[in-house]
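Topology and contacts: notes
What follows is each chain in one-letter form.
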Amino acid sequence: AAGLAIHHLVREGVLIPMGGMILMLVPTVLVRLSRPKSRESLDGFVIGALAALTFAGGATLTRLAPQFATGLLAHSRPVKGLLVEAVICGVTIPLTAAVAGGMVGIALWFKGQDGNPHEHPRRTRAALWLLAVLVVLIHVGVAITDIVGMPQTQMLVIHIVMTVLVVVLLRIALQMALLHEAH
């Protein structure tokens, strides 16, 4: 039974969210490969965040599709459960997805200052990629809380804390990219 539980956790808690995250980032990578004229970090952020939000919206509609068949009213569900689900599906998941997509976009579009001896564009680019990968892993890792079966309030707290953490990491990445990119 333990082997089946771990297999279930790995498949539905890690592999499926990781596959979704890869699909979420494909449009950003394709736009970057098309060699756009603009190479500003904020353009990459907007493209990455838009692609991630679009994917997250489609994933949420797919996830909640069975509830469309039940109708508008949920007589047998407690309000607390509906509020937790609304905050997680409507706020934390889309926000962390947008941050993850945006940070990958920032890292893809970043163009450092090569001529300034005090600037180290490789270090900045490496730090931006490190932050982007960290946020992607946080976004995927939070999906494990949905599979484990913990109480809803505990799950909501974890989602909110991780959302605040990724927003702080986004703030750091944006400031780093804007201070060190080529003018």
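The preceding data block contains the structure.
Along each chain, residue indices are assigned from 1 in the same order as the chain's sequence is written. Only residues with pLDDT of at least 70 get local features here, since the model is predicted, and only at 80 or more are side-chain atom pairs given and counted; chain-wide, interface and lining totals rely on the full set of residues. Working from all heavy atoms in the structure, the side-chain values ignore hydrogens and water.

**Some details on the packing of helix H3 (residues 79-109) against helix H4 (residues 121-148)**
Rules: Here the axes come from fitting lines to C-alpha atoms, over the contacting stretch only for helices, and the angles between their N-to-C directions go from 0 to 180 degrees. Elements are defined by DSSP. Helices are runs of H or I of four residues or more, strands are runs of E of two residues or more, and each kind is numbered from the N terminus. Should an angle lie under 35 degrees it is considered roughly parallel, over 145 roughly antiparallel, and from 65 to 115 roughly perpendicular; all remaining angles are considered oblique. Each crossing gets its handedness from the near helix: less than a right angle anticlockwise from the far helix is left-handed, clockwise is right-handed. Contacts are assigned to residue pairs with any non-hydrogen atoms lying within 4.5 Å of each other. Side-chain classes are defined by residue name, with Ala, Val, Leu, Ile, Met, Phe, Trp, Tyr, Cys and Pro counting as nonpolar, Asp, Glu, Lys and Arg as charged, and the others, Gly among them, as polar.
Viewed as axis vectors pointing N to C, H3 and H4 meet at an angle of 155°, and their least axial separation amounts to 9 Å. Classified by the interaxial angle, the pair formed by H3 and H4 is roughly antiparallel. Crossing hand, H3 versus H4: left-handed. When H3 is examined against H4, the residues Ile 93, Thr 96, Ala 97, Val 99, Ala 100, Met 103, Val 104, Ile 106, Ala 107 and Leu 108 are found in contact with a partner set consisting of Leu 128, Trp 129, Leu 131, Ala 132, Val 135, Val 136 and His 139. Residue classes in the contact of H3 with H4 are distributed as 15 nonpolar, 2 polar and no charged.

**Focus: the layout of surface pockets**
Here is the rule we go by: Using protein atoms alone on a 1 Å grid, points that fit a 1.4 Å probe yet trap it form a cavity, whereas open point sets bounded by protein on both sides within 12 Å along at least five of seven lines form a pocket; residues with an atom within 4 Å of a point count as lining. Grid points are joined across faces, edges and corners, and a volume is the space filled by probe spheres set on the points.
Estimated volume of the largest pocket: approximately 540 Å³. In terms of lining residues, the largest pocket is bounded by 24 residues, among which Pro 17, Arg 63, Ile 93, His 139 and Ala 143 are the most central. For the lining of the largest pocket, the secondary-structure elements that each account for two or more residues are helix H1 (2-33), helix H2 (41-70), H3, H4 and helix H5 (152-180). The residue inventory of the lining of the largest pocket, partitioned by class, reads 14 nonpolar, 7 polar and 3 charged.

**What about the nonpolar core?**
Applicable threshold: Within this scheme, the nonpolar core is defined by two criteria: the residues are buried Ala, Val, Leu, Ile, Met, Phe, Trp, Tyr or Cys, and they are joined through side-chain atoms within 4.5 Å. Relative accessibility thresholds used throughout: buried, under 20% of the residue-type maximum; exposed, over 50%; partly exposed, between the two (1.4 Å probe, protein chains only).
In terms of nonpolar packing, the biggest core is built from 30 residues, with Met 21, Met 103, Leu 128 and Val 135 touching the most fellow members. When residues of this core are traced back to their parent elements, those giving at least two are H1, H2, H3, H4 and H5. With 9 residues, the single largest contributor to this core is H3. Discounting residues that sit within four places of it in the chain, Leu 128 has contacts with Ile 106, Ala 107, Phe 110, Ala 173, Met 176 and Ala 177. Counting 5 residues, the second-largest nonpolar core is a separate cluster that includes Val 84, Ile 88, Met 155 and Leu 156.

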